[in-house]
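Residue-level structure breakdown
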Amino acid sequence: MSSIHPTVNLYKGDRLKGVWNHRSYRIERLLGEGARGSTYLASWNQQTVALKISKDPSVVTAESNVLRKLNKVQGVKLGPSLLDVDDTYIRQGSKYSFYVMEYVKGLTLKDWFEQHSTRKLGDHTSQLLNYLHELHRLGYAYGDFKPDNIIIEQKTNQLRLVDVGGVTKFGRAVREYTTIYDRGYWRLGSRKADATYDLFSLAICMIQADSNQKLKQASKNKSILKRLPSFQTITPYHEVIRKALLGSYSQALSMKKEVDHINRKLLTMRQKSTNHRYKKRKPTTTHAVDHTEVIGVTSVVAIHLTILYVLIQTL
Amino acid sequence: MGKGTVRQILLITDGCSNQGEDPISVSSEIAQQGISVNVIGVLEDDQTEDPVGLSEVNDIAEAGNGVSRIVYADDLSETVQMVTKQAMNQTIQGYVNQELQQIFGKETDEESLPPSTRGEVQEVMEELGETCDLQVMILVDTSASMQNKMSAVKEALDDLILSLDARAGNHYFSIYQFPTRKQVVKELLDWTSDGNRLAKVFPKFAVGGITPTGIALREAAKAFHSDIEDDVMGGAAYDVVDSSYRQSL
Ligand SMILES: Nc1ncnc2c1ncn2[C@@H]1O[C@H](COP(=O)(O)OP(=O)(O)OP(=O)(O)O)[C@@H](O)[C@H]1O
């Protein structure tokens, strides 16, 4: 038992049959693996599901316990729905525990950051704070809060938190964390689970949306507060982030209120600058908050001119 | 530190033992006393992840009912806290399975219960893991080659204390080094739960290529008894001079 890695290698086409509930799953592909096990995409009765399997049965029991609790919450969906928990013999050999959950199809927030950087950052943050608020109301911290564990669900366009391995009762030691999002790692507080622990991780995610590379640099001498001004695409949120890093928000909702306020201000600024532009017929870059919009208008004008030119030529 | 205490040795080393007793058999003896032996092997940056010289690391932990990992210095912080936690859970799991066998008879362990019942057992184990007392003796290899890894070791220990501080249960740790110029093992820090005392620990490094892991383990394990017995010896330096070791210098 001692030194083995908890990952279980399965291949496309492998069939897992549950010992207790007798359901049979077909493995499609690996979704990801980590320190506590592997998650596979699988199918059962023409349904696509996510299946987590580990050499350490306590991982499966602990995580399915948490999912069961979260699934009871009405209203918001915290975590994927739990569908099955069972044991299986792999290739007639050793016995492993696994659990099956709803497959959340979509882009992880990590992929989103890589493709779109800080676009929609305010909206995403606000939505995430809402989930954290609901979770905190139950007396739990999410723990391992990071962009890899957040999926923008394709079907609903809503954010979903997957991987509940870090979910911890308030007042207990956080069960699972990833160093760069951990406030202990930055020496800015303890590893005891509370609301401020998650808000800290969320603040790091916001910073990471600006530049992962600069965040890594700052981690070398653990100087995130000092470096904060250098993350320039998120300037409007600097104050909120600073407060979250320092643990000044005791509740997700008080942080959400300030984030929403900034979001509204940015939106009106954007609308004003758009109106302004239309009135003057010519875009001015001085006020332009939204550069994509500027490019949009110029390219539309350019296309019109080109078409006009082509028409004149053919006439 | 009575009944509800989990006891561990955490050995941090970068090489194979090359002198004195076989560390694997010492490790299994220590395990019989209810102390698990966990080992972290630290790689040089240019070493592959599976070097031959470090295979002993896994064997010592296996014999000592413990957990082992082989990692680069950069990953030490993450690894040290994880190994400590996993080893503790493993000990608790062993204990709970024993209890289950008393209730349900032989061959019963958590896994032979249906998954729905397992959840409750799991919660009991988590509760124990959070609230039990934990005693960790950290045994650091200070042979010459470890010198450039020592800042990473210190950072990892700082980080470990942070994790221990977050638990509800008490914890005590002590730090021993091996070898020094004159001794097999030397106490650097006596049992304490005060993380601030870590900052004042500065090991001196040995010269030459001697790594007497077996003897060091045996001697370090005695520190648990000095504590379990009376406190007459408590606080006294626990330096051990091994005669065979002296002769070899
Ligand atoms: N229900 C799910 N639906 C869709 N994708 C999922 C689901 N659960 C997990 N994933 C994806 O699989 C990846 C791997 O998850 P997994 O829990 O196995 O490990 P991890 O988060 O990478 O590491 P660790 O085990 O250390 O937490 C996640 O990052 C996530 O993107």
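These numbers were taken from a predicted model, which means no experiment stands behind them.

Within chain A, the secondary structure is distributed over nine helices and eleven strands. By the burial criterion, 50% of the 315 residues in chain A qualify as buried. In chain A, 54% of the contacts between residues at least 6 apart in sequence involve partners at least 24 apart. Summing over all exposed atoms, chain A offers an accessible surface of approximately 16200 Å²; the carbon and sulfur share of this is 54%.

A few words now on the domain arrangement of chain A. All names here are of chain A. Taken domain by domain, chain A comprises domain 1 (15-102) and domain 2 (106-269). A straight line from the C-alpha centre of domain 1 to that of domain 2 covers 27 Å. Taken together, the 16 residues of domain 1 in the interface contact 15 residues of domain 2. Buried surface at the junction of domain 1 and domain 2, both sides included, amounts to about 1300 Å², of which 63% is carbon and sulfur. A per-residue breakdown of the area domain 1 buries against domain 2 is headed by Arg36, Val66 and Leu78, which together make up 35% of the total. For the pair domain 1 and domain 2, the number of links is three salt bridges. Summed over the shared surface of domain 1 and domain 2, the result is five residue pairs in polar contact (both at pLDDT 80 or more). Ranked by residue count, the leading element in the side of domain 1 that touches domain 2 is helix α1 (residues 57-71), at six residues. Looking at the side of domain 1 that touches domain 2, its residues break down into nine nonpolar, one polar and six charged.

On to helix α5 (residues 150-165) of chain B. Relative to the 22 Å expected for 16 residues at 1.5 Å per residue, α5 of chain B spans 22 Å between its end C-alpha atoms, a close match to the ideal helical length. Listed in full, the buried residues belonging to α5 of chain B are Met150, Ala152, Val153, Ala156, Leu157, Asp159, Leu160, Ile161, Leu162, Ser163 and Leu164 of chain B.

All names here are of chain A. Within this structure, the stated rule accounts for 30 salt bridges over all chains. Between Asp163 and Arg36 there is a salt bridge, with the nearest N and O atoms lying 2.8 Å from each other. Of this pair, Asp163 sits in the loop between β10 (159-161) and β11 (168-169) while Arg36 sits in the loop between β2 (24-34) and β3 (37-44), and the two are 127 residues apart along the sequence. Note on Arg36: relative accessible area 12%, which makes it buried. Here Glu102 and Arg160 are joined by a salt bridge, their closest N and O atoms 3.1 Å apart. Here the residue Glu102 occupies a position in strand β6 (residues 95-102), and Arg160 occupies one in strand β10, the gap between them amounting to 58 residues. The residues Glu102 and Arg160 share a single accessibility class, namely buried. It is possible to trace a salt-bridge network through shared partners that takes in Arg36, Lys52, Glu63, Asp163 and Glu176.

This part covers the packing of aromatic side chains. Residues and elements named next belong to chain A. If you walk through the whole model with that rule in mind, you get five aromatic pairs over all chains. Taking 5.8 Å as the distance between ring centres and 80° as the angle between the ring planes, the aromatic pair formed by Tyr25 and Phe98 counts as edge-to-face. With Tyr25 in strand β2 and Phe98 in strand β6, this pair connects stretches of sequence that are 73 residues apart. Its relative accessible area of 0% is what places Tyr25 among the buried residues. A centroid spacing of 5.6 Å and a plane angle of 85° characterise the contact between Tyr185 and Trp186, whose relative ring orientation is edge-to-face. One exposure class covers both Tyr185 and Trp186, and it is buried. Here a set of aromatic residues connected by ring pairs shows up, and it is made of Tyr25, Trp44 and Phe98.

Residues and elements named next belong to chain A. Running from N to C, helix α3 (residues 121-137) and helix α4 (residues 195-210) cross one another at 165°; their axes reach a closest spacing of 11 Å. Between α3 and α4, the angle falls in the class roughly antiparallel. Crossing of α3 against α4: the hand is right-handed. Together, Leu121, Thr125, Leu128, Leu129, Leu132 and His136 of α3 and Ala195, Asp198, Leu199, Leu202, Met206 and Ala209 of α4 make up the contact between the two elements. Across the contact of α3 with α4, the residue classes tally to nine nonpolar, two polar and one charged.

Attention now moves to the interface of chain A and chain B. Facing 31 residues of chain A, the contacting portion of chain B comprises 32 residues. The partner of Arg187 of chain A in a salt bridge is Asp159 of chain B, and the shortest N-O contact between them spans 3.9 Å. Here chain A is connected to chain B by 13 residue pairs in polar contact (both at pLDDT 80 or more). Counting only elements with at least two residues in the side of chain A that touches chain B, the list comes to α1, β5 (82-89) and β6 of chain A.

The rules behind each value
Residues numbered from 1 in each chain as written. Chains lettered and ligands numbered in written order. Predicted model: local features only at pLDDT ≥ 70, side-chain atom pairs only at ≥ 80, totals over all residues. Heavy atoms only, no water. Helix = DSSP H or I, 4+ residues; strand = E, 2+ residues; numbered from the N terminus. Buried < 20%, exposed > 50% of the residue type's maximum accessible area, 1.4 Å probe, protein only. Contact = heavy atoms within 4.5 Å. Areas by Shrake-Rupley, 256 points an atom, 1.4 Å probe, with all protein chains shown as cover. Domains from an automatic or database assignment. Buried area = accessible area lost by both parts, 1.4 Å probe. Salt bridge = Lys/Arg side-chain N within 4 Å of Asp/Glu carboxyl O. Polar contact = N/O pair within 3.5 Å; in protein donor to acceptor, adjacent residues only side chain to side chain. Nonpolar A, V, L, I, M, F, W, Y, C, P; charged D, E, K, R; others polar. Expected span 1.5 Å × (residues − 1). Phe/Tyr/Trp six-rings, centres within 6.5 Å; stacked < 30°, edge-to-face > 60°. Axes fitted to C-alpha atoms, helices over the stretch in contact; angles between N-to-C directions. Parallel < 35°, antiparallel > 145°, perpendicular 65-115°, else oblique. Left-handed = near helix turned anticlockwise from the far one by under 90°.

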